[in-house]
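Structural overview
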Amino acid sequence: EPGKCPICKMDMVSKKDFNKEMMEKHEGLEKKQEGKDNLLHFEIQLSTIKTWECESTIKKALKKTPGVVDFFVDILDSRVHALIDKNITTKKDVEKVISDLGYDANDTKANPEAAANKPAECK
């Protein structure tokens, strides 16, 4: 049912609605990439994201990252879908931004100090 989770305070939405929203966002990234050789769409598998606060931290960092054209965080799958300008940044650069926040990002391991200092709800 809609509302807030009594444990983590996240907005409660149906999995069906959430999956539909994620699919629409994914298709939007693919449309932005069409016909543009400088753009690369890729996925980053993260260590677990447990709350919207964790997601928000990742979003804030990616918004500040040069070369990241667009992205969305799929909290259910602990995955980031990113669209980058290859002339400005690389997949490894984006993975490093996320690992510096304390999350594993594909094969780039989380910065241990950052992981230890994450809020309790994000560990």
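As a reminder, the structure under discussion sits directly above these lines.
I will try to describe carefully the structure that is included in this document. Model, not experiment: these values are computed from the prediction.

Criteria and thresholds
Residues numbered from 1 in each chain as written. Predicted model: local features only at pLDDT ≥ 70, side-chain atom pairs only at ≥ 80, totals over all residues. Heavy atoms only, no water. Buried < 20%, exposed > 50% of the residue type's maximum accessible area, 1.4 Å probe, protein only. Helix = DSSP H or I, 4+ residues; strand = E, 2+ residues; numbered from the N terminus. Arc of directions from axis to C-beta. Contact = heavy atoms within 4.5 Å. Core = buried A, V, L, I, M, F, W, Y, C linked by side-chain atoms within 4.5 Å. Pairing = 2+ DSSP bridges. Axes fitted to C-alpha atoms, helices over the stretch in contact; angles between N-to-C directions.

**Things to note about helix α3 (residues 91-99)**
Of the residues making up α3, those classed as buried are Val94, Glu95, Ile98 and Ser99. The buried residues of α3 all sit within an arc of 140° when viewed along its axis, so they share a single face. Where α3 is buried, its residues contact β3 (39-45), α2 (52-63), β4 (68-74) and β5 (79-85).

**Comments concerning the nonpolar core**
Counting residues in hydrophobic clusters, the biggest one holds 26 residues, and the most contacted among them are Ile44, Ile58, Val80 and Ile98. Elements with a minimum of two residues in this core: α1 (15-33), β3, α2, β4, β5 and α3. Once you skip the residues sitting within four places of it in the chain, isoleucine 44 turns out to touch Ser78, Arg79, Val80, Val94, Glu95, Ile98, Ala105 and Asn106.

**Some points on the sheet that holds β5**
Pairing within the open sheet is antiparallel, and its three strands lie in the order β3-β5-β4. The outermost strands of the open sheet, each flanked by one partner alone, are β3 and β4. When strand polarity is set aside, the average angle formed by the axes of neighbouring strands in this sheet is 15°. Looking at chain direction, β4 and β5 are connected through six bridges and run antiparallel. Its bridge partner lying in β5, phenylalanine 72 is registered against histidine 81. Contacting β3, β4 and β5, α1 crosses the sheet at an angle of about 165° to β4.

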